[in-house]
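As a plain string of letters, each chain reads:
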Amino acid sequence: MTTEQRRSLLAFQDYIRKTLDPTYILSYMAPWFREEEVQYIQAEKNNKGPMEAATLFLKFLLELQEEGWFRGFLDALDHAGYSGLYEAIESWDFKKIEKLEEYRLLLKRLQPEFKTRIIPTDILSDLSECLINQECEEILQICSTKGMMAGAEKLVECLLRSDKENWPKTLKLALERERNKFSELWTVENGIKDVETEDLEDKMETSDIQIFYQEDPECQNLSENSCPPSEVSDTNLYSPFKPRNYQLELALPAKKGKNTIICAPTGCGKTQVSILICEHHLKKFPQGQKGKVVFFANQIPLYEQQESMFSKYFERLGYRVTGISGATAENVPVEQIVENNDIIILTPQILVNNLKKGTIPSLSIFTLMIFDECHNTSKQHPYNMIMFNYLDQKLGGSSGPLPQVVGLTASVGVGDAKDTDEALDYICKLCASLDASVIATVKDNLEELEQVVYKPQKFFRKVESRISDKFKCIIAQLMRDTESLAKRICKDLENFSQIQNREFGTQKYEQWIVTVQKACMVFQMPDKDEESRICKALFLYTSHLRKYNDALIISEHARIKDALDYLKDFFSNVRAAGFDEIEQDLTQRFEEKLQELESVSRDPSNENPKLEDLRFILQEEYHLNPETITILFVKTRALVDALKNWIEGNPKLSFLKPGILTGRGKTNQNTGMTLPAQKCILDAFKVNGDHNILIATSVADEGIDIAQCNLVILYEYVGNVIKMIQTRGRGRARGSKCFLLTSNAGVIEKEQINMYKEKMMNDSILRLQTWDEAVFREMILHIQTHEKLIRDSQEKPKPVPDKENKKLLCGKCKALVCYTADVRVIEECHYTVLGDAFKECFVSRPHPKPKKFSNFEKRAKIFCARQNCSHDWGIHVKYKTFEIPVIKIESFVVEDIATGVQTLYSKWKDFHFEKTPFDPAEMSK
């Protein structure tokens, strides 16, 4: 059981609690649970019900330390008949169970009618496949002893917990077969409809269903005030909405067919505006002609959000809606999907790739393109790559029709502009990039907009740092000692002396470590064994320096205890791994200082004054309003964890229930949150009330919807003007506040500059909107022509592949691994190595996240087999019928055999060697 699996189980515990009756699987868990624990769980069910019993069961389960308990849990689910839950946990994909929520909600509402109209014994045989065997027996027993109404209540309880995705439809068929009138109320094909019985109307509960990552509140009548997601009826997701006046104002230019950038605050309903535009666009085509819309979402969470909303709105109108992201593109024929659907939601790189391949011949296949978060259309961003294709078609005199373009953003930004004229130039370039002749903002209906989107009050708090920092003094000395050891083994490596006055505990120091490690990978000596020894040693020294640097950053902004725990975890992992002489020495040096560090961390005089200020703000705001909902933005994942621990360990903040939200990517050795885990946290924050403060990195500041908050705290957190507007936009509730806490006056100054830039941006947009539209189009065309000339002049010729054989060396120990002649390319982007010799060079370990994608099944990770190296080389997969390694070029150094020159590549596409396609016939030789 890995830490990641344990974390995922915790993240999905709400789904498990709502679905699992643990008493049905306890007999299969006998090897893992003590008899008294089994009795406790049974008693909890008898006294409080299955959900509380499931909570206790999960507590005992997660405390298990024995090997194999997780597999035992899955087997128990399988044996008991929890096939849906088994599948969801094994793949960490709860979408099927999540989709059942709307039917559970409807059944809850219809329960009074259900128990008076249903005779359970008439339909139980049809429903048996959707229930656990013991549940069927219990229902029959209750019918026999207590009567049919009590049996119907038990049947409802069991269906509400069912993990079978087909139970709503099976129930419908069973009711129709019995010609039961209740079937008229139970609708599954077209979503949930309003129940029109007056008796039921009085007894309906409010919905607790919600759509993850939904940008805007989905009220049926959008001309009324916003309502939080918990108050949104699920019927609204399927019904036409009444737009507000400001939404109609924003949509108007695009509905007239103009290429438009829509710039409006977070939370005002830009997605609904795009739906209005999209519906108008599709309906305007005469009979025999059809429109085709593509909606680009820049991130996977946004993609899923928009796909869900567009599907629910447009499918009831008879339009076909689908989505393709990087996670699904390899498994579907993109050109066929585009051809067969009216609205396609895409992550933009998918279209970039297919335009390059020619599977989508041109953008003329679409009639409308909508770019979410369109301010990203710059440089080499996929949005810009798509628009390069569009502009080449426009300026090249192509006969094919061009699609209409609509962009959505909360802020167009101003770049590095110093005044309004420069800001205007920047915005014009963005308009040129999107071929937009109009920027639509709310002008005529501002009062209505301000009733929906509340701009929070902004407060700046300059806080003090520690007067003296004993922890930093001790760690800095350990770092100086480690640097000296590294210099001693290699005096010739220039990067150790290149940077002057290195300040420990800074981002600059982290960058220096990266520079040293890159230099180390191509460092060469005549004695190759000595070269390998030095490179391995330098990797170890710099890895320890990086951890010390991280700890100093944590202690600067959080508690010394959190920084020390971070280091203790690191050294514990070091001890559990190879633990060679250098690591033993570095560990001993740390442990010699550990008692002193522990003493410093326990000394109250070393508490962080920043945290005291943060505590004061939180206490004050929650005292004024106990229902306060907060987002606390911080810079790093390590700081997210540290502040969560601080809140949970501080008795003065016991009223807080913190949750965390971080990105999905991997930084150094830290794996980010999985997408399902992010969804689960947002669900708990938005609807369930499990958290009243969310500690987040920048993943929460763009696009992804988070519940209406009335307190936003930026803790040493500042970015550009776009980031400022987005983070502030998270505070959308009436009377909301935004605090910037920092010990650095420069951070406050930067935020004040951002506020000035926001004013410049708004002034520039107003000025631009006064221009004659024809004149503006001419200016846009001039910019586009000029930019294309620059682009064409900078176009690089296609590189000629180097036919000379090269060596691939391990990036850490510099051992010879293979030659480029042994490398084969699979499906144009995956690289494997042929031959038994390579198999001897690596060891494999089970992959922590095994996964199937396209023709590949990811099974293991591979590492350098050389003693004390264990450098990560890639993965081991099953490809069709072959078991093969797949390597990543960043883990290796490429050496020219003739000259001995060594080169690093971060991506295979940058390494221009003669690439031989994978041939299955070679595997049989």
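Residues numbered from 1 in each chain as written. Predicted model: local features only at pLDDT ≥ 70, side-chain atom pairs only at ≥ 80, totals over all residues. Heavy atoms only, no water.

(A) How the structure looks around the overall build of the chain. Helices and strands together make up the secondary structure of the chain, namely 35 helices and 26 strands. The 925 residues of the chain split such that 55% are buried. Look at the contacts in the chain between residues 6 or more apart in sequence, and 71% of them connect residues 24 or more apart. Per element, the accessible surface of the chain, about 42,400 Å² overall, is 48% carbon and sulfur. (Helix = DSSP H or I, 4+ residues; strand = E, 2+ residues; numbered from the N terminus. Buried < 20%, exposed > 50% of the residue type's maximum accessible area, 1.4 Å probe, protein only. Contact = heavy atoms within 4.5 Å. Areas by Shrake-Rupley, 256 points an atom, 1.4 Å probe, with all protein chains shown as cover.)

(B) Broad picture of the state of the cysteines. For the structure shown, the criterion picks out zero disulfides. Looking at the unpaired Cys-428, the closest cysteine sulfur is the one in Cys-431, lying at 6.1 Å. Residue Cys-428 is classed as buried on the basis of its relative accessible area, which comes to 2%. (Disulfide = S-S within 2.5 Å.)

(C) Focus on the packing of aromatic side chains. For the coordinates displayed, the defined rule picks out 38 aromatic pairs. Between Phe-459 and Phe-739 the ring centres are 4.9 Å apart and the planes differ by 20 degrees, which places this aromatic pair in the stacked class. Highlighted residues: Phe-459 in strand E8 (residues 457–462) and Phe-739 in strand E15 (residues 737–742), separated in sequence by 280 residues. By relative accessible area, Phe-459 is classed as partly exposed at 29%. (Phe/Tyr/Trp six-rings, centres within 6.5 Å; stacked < 30°, edge-to-face > 60°.)

(D) Up close: the sheet that holds strand E19 (residues 830–833). Ordered by their spatial adjacency, three strands build an open sheet running E19-E18-E26, and the pairing between neighbours is mixed. At either end of the open sheet lies a strand with only one pairing partner, and these are E19 and strand E26 (916–917). Relative to E19, strand E18 (residues 823–826) is paired through four bridges, and the arrangement is antiparallel. Counterpart to Ile-826 in the pairing with E19 is His-830. (Pairing = 2+ DSSP bridges.)

(E) Molecular detail of the nonpolar core. Counting 52 residues, the largest nonpolar core has Phe-471, Leu-614 and Leu-643 as its most contacted members. In terms of residues, this core owes the most to one element, helix H26 (residues 560–576), which gives eight residues. Taken domain by domain, the makeup of this core includes at least three residues from each of domain 4 (457–463 + 607–764) and domain 5 (470–599). Excluding its chain neighbours within four sequence positions, the residues that come into contact with Leu-614 are Leu-632, Leu-643, Trp-646, Ile-713, Tyr-715 and Leu-741. Judged by nonpolar contacts, the second largest core, of 46 residues, contains Ile-337, Met-387, Leu-434 and Ile-780. (Core = buried A, V, L, I, M, F, W, Y, C linked by side-chain atoms within 4.5 Å. Domains from an automatic or database assignment.)

(F) Layout of helix H20 (residues 420–433). In a regular helix each residue adds 1.5 Å, so 14 residues correspond to 20 Å; H20 covers 20 Å between its end C-alpha atoms and thus fits that length. Of the residues making up H20, those classed as buried are Ala-423, Leu-424, Ile-427, Cys-428, Leu-430, Cys-431, Ala-432 and Ser-433. Check the buried side of H20 and you find it contacts strand E1 (260–263), helix H19 (382–395), strand E7 (438–440), helix H32 (745–769) and helix H33 (773–794). Positive phi shows up at Asp-435, right after H20, with a value of about 55 degrees. (Expected span 1.5 Å × (residues − 1).)

(G) Geometry of a negative patch on the surface. A cluster of acidic residues, Asp-416, Asp-419, Glu-422 and Asp-425, forms a negative patch at the surface. Following the sequence through the fold, Asp-425 ends up in helix H20. Taking the relative accessible area as the measure of exposure, Asp-425 reaches 48% and is therefore partly exposed. (Patch = residues over 30% accessible without salt bridge, like charges linked within 9 Å, V, L, I, M, F, W, Y side chains within 5 Å. Salt bridge = Lys/Arg side-chain N within 4 Å of Asp/Glu carboxyl O. Lys, Arg positive; Asp, Glu negative; His and termini not counted. Charge placed at Lys NZ, Arg CZ, Asp CG, Glu CD.)

(H) Summary view of the side chain of Lys-788. Its location among the elements puts Lys-788 in helix H33. Taking relative accessible area as the criterion, Lys-788 reaches 18% and is therefore assigned buried. Excluding anything up to four places from it in sequence, Lys-788 contacts Asp-392 and Leu-395.

(I) How the structure looks around the sheet that holds strand E22 (residues 872–879). Judged by pairing direction, the sheet is antiparallel, and its four strands sit side by side in the order E20-E21-E22-E23 without closing on themselves. Two strands bound the open sheet, and with one partner strand each, they are strand E20 (842–853) and strand E23 (882–887). Along the sheet, successive strands turn relative to each other by an average axial angle of 30 degrees, direction set aside. The pairing of E20 with strand E21 (residues 856–864) spans eight bridges and is classified as antiparallel. (Axes fitted to C-alpha atoms, helices over the stretch in contact; angles between N-to-C directions.)

(J) Focus on the environment of Glu-307. Mapped onto the secondary structure, Glu-307 falls in helix H16 (residues 300–314). C-alpha of Glu-307 to C-alpha of Phe-295: the two residues are twelve residues apart in sequence and 8.9 Å apart in space. Apart from residues lying up to four places away in sequence, Glu-307 is in contact with Thr-322, Gly-323 and Ile-345.

(K) Local environment of unusual backbone geometry. Its identity is not glycine, yet Trp-92 carries a phi of approximately 50 degrees, on the positive side. Relative to the assigned elements, Trp-92 resides in the loop between helix H6 (83–91) and helix H7 (95–99). The class of Trp-92 is buried, set by a relative accessible area of 17%. One non-glycine residue with positive phi stands out, namely Glu-373, at about 55 degrees. One can find Glu-373 in the loop between strand E5 (368–371) and H19. Glu-373 gets classed as buried once you look at its relative accessible area, which sits at 5%.

(L) Inspection of the environment of Gln-42 at higher detail. By secondary structure assignment, the location of Gln-42 is in helix H3 (residues 35–48). Using a relative accessible area of 34% as the deciding quantity, one classes Gln-42 as partly exposed. In this structure, the C-alpha to C-alpha distance between Gln-42 and Pro-22, residues 20 residues apart in sequence, is 8.4 Å. Filtering out sequence-adjacent residues up to four positions away, Gln-42 remains in contact with Thr-23 and Leu-26.

(M) Structural view of the pairing of E15. Across the six residues that make up E15, a large majority, six, are buried. Here E15 shows two buried faces, one formed by Lys-737, Phe-739 and Leu-741 and the other by Cys-738, Leu-740 and Thr-742. Both E8 and E15 contribute to a ladder of six bridges, which runs parallel. When the sheet's bridge partners are listed, Lys-458 is paired in E15 with Cys-738.

(N) Local environment of the pairing of strand E3 (residues 321–324). Of the two faces of E3, the one lined by Val-321 and Gly-323 and the one lined by Thr-322 and Ile-324 are each fully buried. Bridge count for E3 against strand E4 (residues 343–346) is four bridges, and the pairing is parallel. Bridge pairing in E4 places Thr-322 opposite Ile-344.

(O) Layout of the packing of H20 against H33. Between H20 and H33, the shortest axis-to-axis distance is 9 Å and the interhelical angle comes to 80 degrees. One element, H20, and the other, H33, form an angle in the roughly perpendicular class. Two secondary-structure elements touch here, H20 through Cys-428, Lys-429, Cys-431 and Ala-432 and H33 through Phe-776, Met-779, Ile-780, Ile-783, Gln-784 and Glu-787. Of the residues assigned to the contact of H20 with H33, the class counts are seven nonpolar, one polar and two charged. (Parallel < 35°, antiparallel > 145°, perpendicular 65-115°, else oblique. Nonpolar A, V, L, I, M, F, W, Y, C, P; charged D, E, K, R; others polar.)

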